[in-house]
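Each chain, letter by letter, is given below.
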Amino acid sequence: MLTKRIIACMDVRDGQVVKGVQFQQLRHAGDPGELAQRYNVEGIDEVVVLDITATLESRQALARTINAVARQIFLPLTVGGGIRSEEDAAAAVDAGADKVSLNTAALRDPDLITTLARRYGSQAVIVAIDAKRRDDGFAVYVRSGTSDAARDAVEWAREAESRGAGEILLTSMDRDGTRSGFDCEMTAAVANAVNIPVIASGGAGGLDHFADVFTRGHADAALAASIFHYADTSVAELKRYLRDKNIPVRL
Amino acid sequence: MIALIDYGAGNLTSVRKALTSLGAEFATPASPSECGRFSALIVPGVGNFAATGALVGPWREAIGSAVRSGTPLFGICLGMQWLFEGSDEAPEVPGLGVLPGRVVRLEGNAEERLKIPHVGWNTLTAPSGPERSALQAVRGPTGSAPQEKGSALLETGLQGRILAGLAPGAHVYFTHSYAAPVTADCVAETRHADTFSAVVERGNVFGVQFHPEKSSETGLQIIRNFLEVTRGC
């Protein structure tokens, strides 16, 4: 039986893992290679490296980070943050990424989804959607959550799928860094609208939040950062908890 | 020395890193004529079956010839699918055809929320026999069964040299929309909405539908098992 995936996200700046609250107030959380190795031992299913600065200088640092992580763990590795072109994606893949995550660039240039899906396969293309609740739905934001894209998350997820995306990484900006739980309603709305896997992100705080997003939210995978970084919650403990709730996990 | 065949279907970085970490010696042959010089072959690959069209012709002949002379061959994901006669994903492209059967598209199941592509960690189990496999109806002729097959049906453990040291229920990482049916060459199957061949083995030909290079310790063990096979050759 296909298991629900637990994914650890590392927001990386200048080769170091950092984590903010609601996309701001960054603090340091460690070396990416060391963290990835710890997660691997604990049984993480997948690792995402997000380059949160994405300047030219940080590009080279990012390649070194990807390389360091990919050398240490034999797990699916996704790289995102500032991937704007086929060349950016190729650099990430060449450094050891199995999947690339597109956000702002996918909205600005949706053909990029198709181009990368043709070159690397749909399984290698994740479209990341940052969204906030609104009265009439879920509003998509771009540029690290600073700019309203004037799109609805459900409608955009459908389009991304039709253009060749292999997975959707859906982040609730309202919940990000708050540890108040995933936005299950928004996750379910998107998961019910597409046939590709949906990764829920933003708001993980307690073990019950994961159980909620896998059941009520119909998520295929759940992503968290800070609760794993600071060892508040171990991946192994989380998985045993989910298994006891009859949610299939890899143990 | 192992030949890692690069035909442009996806990225080989991960496979290279895994082989390196296990201390394997490998190289990427530049032309088909070099294939005969290697003690084993690995055909990796992700993406559309059409990509294996790059192997049609001299590569297919060289790899087929190496296999006929007993050189171990390990197909990963698309590389495993290529071992069969062909795939519905690109019907015009012939597979290597060393395993009987044809690769077909997986079905999802909306009621059980089983999506296609099949992405994530799923379990390996011993083949359960024809009655359970939804893909059986469309499988090709099965040919003669390998000798160890008889006992595999009676036991609950995983059979096959490629699965040495692994127990049923081991998790591996999949990402695919097409798969081979459960045939006589299947040594481990996996169930999504359909049940399909996750691992095949026939003589010195091995294939896995998942990505051992992305399947943590279980995956490394499988690659190690293949390296062990090649040591005897």
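It should be noted that the structure appears before, not after, this text.
Rules of the game
Residues numbered from 1 in each chain as written. Chains lettered and ligands numbered in written order. Predicted model: local features only at pLDDT ≥ 70, side-chain atom pairs only at ≥ 80, totals over all residues. Helix = DSSP H or I, 4+ residues; strand = E, 2+ residues; numbered from the N terminus. Rg over C-alpha atoms; globule rule 2.2 N^0.38 Å. Buried ≥ 20, exposed ≤ 12 C-beta atoms within 10 Å, placed from the backbone. Contact = placed C-beta atoms within 7 Å. Nonpolar A, V, L, I, M, F, W, Y, C, P; charged D, E, K, R; others polar. Axes fitted to C-alpha atoms, helices over the stretch in contact; angles between N-to-C directions. Parallel < 35°, antiparallel > 145°, perpendicular 65-115°, else oblique. Left-handed = near helix turned anticlockwise from the far one by under 90°. Pairing = 2+ DSSP bridges.

Some thoughts on the overall build of chain A
No. 1: Within chain A one finds 10 helices and 12 strands.
No. 2: Relative to a compact globule of 251 residues, whose C-alpha radius of gyration would be 18 Å, chain A shows 16 Å and is just as compact.
No. 3: The burial tally for chain A puts 53% of its 251 residues in the buried class.
No. 4: Intrachain contacts of chain A at a sequence separation of at least 6 include 65% that bridge at least 24 residues.

Some remarks on the overall build of chain B
No. 1: Helix and strand counts for chain B stand at 5 helices and 12 strands.
No. 2: Pairs at least 24 apart in sequence give 74% of the contacts found in chain B among residues at least 6 apart.

As for the interface of chain A and chain B
No. 1: Counting residues at the interface gives 27 residues for chain A, matched by 30 residues for chain B.
No. 2: Partitioned by chemical class, the residues of the side of chain A that touches chain B number 10 nonpolar, 9 polar and 8 charged.

Side note on the packing of helix 8 (residues 207–215) of chain A against helix 10 (residues 235–244) of chain A
All names here are of chain A.
No. 1: Two numbers describe how helix 8 lies on helix 10: the axes approach to 10 Å, and their chain directions differ by 50°. As summarised for this structure, helix 8 and helix 10 are arranged oblique, according to the angle between their axes. Helix-helix and strand crossings are classified by hand; for helix 8 and helix 10 the assignment is right-handed. Where helix 8 approaches helix 10, its residues Leu207, Phe210 and Ala211 are matched on the opposing element by Leu238, Tyr241 and Leu242.

Topic: the sheet that holds strand 11 (residues 195–202) of chain B
All names here are of chain B.
No. 1: An order of 2-1-3-4-12-11-10 is seen for the 7 strands of this open sheet, with the pairing classed as mixed. With one partner strand each, in any of the chains shown, strand 2 (26–27) and strand 10 (186–191) form the two edges of the open sheet.
No. 2: Sheet topology note: the strand 3 (residues 40–43)/strand 4 (residues 73–76) ladder contains 3 bridges and is parallel. Following the sheet pairing, Val43 is matched in strand 4 by Gly75.

Considering helix 7 (residues 184–191) of chain A
Note on helix geometry: an α-helix contains 3.6 residues per turn, so any two residues three or four positions apart are oriented the same way.
All names here are of chain A.
No. 1: Counted residue by residue, helix 7 has 6 buried out of 8 residues, so it is predominantly covered.
No. 2: Those residues of helix 7 that fall on the buried side of the exposure criterion are Cys184, Met186, Thr187, Ala189, Val190 and Ala191.
No. 3: Looking at the packing, one finds that the buried side of helix 7 touches strand 7 (125–134), strand 8 (137–142), helix 6 (153–162), strand 10 (167–172), strand 11 (198–201) and helix 8.

Digging into the sheet that holds strand 6 (residues 102–105) of chain B
All names here are of chain B.
No. 1: Strand order in the open sheet made by the 3 strands is 5-6-9, with mixed pairing throughout. Two strands in the sheet have a free side with no partner beyond their single neighbour: strand 5 (86–87) and strand 9 (178–179).
No. 2: Across 2 bridges, the pairing between strand 6 and strand 9 is antiparallel. Note on strand 9: the bridge partner recorded for Val104 is Ala179.

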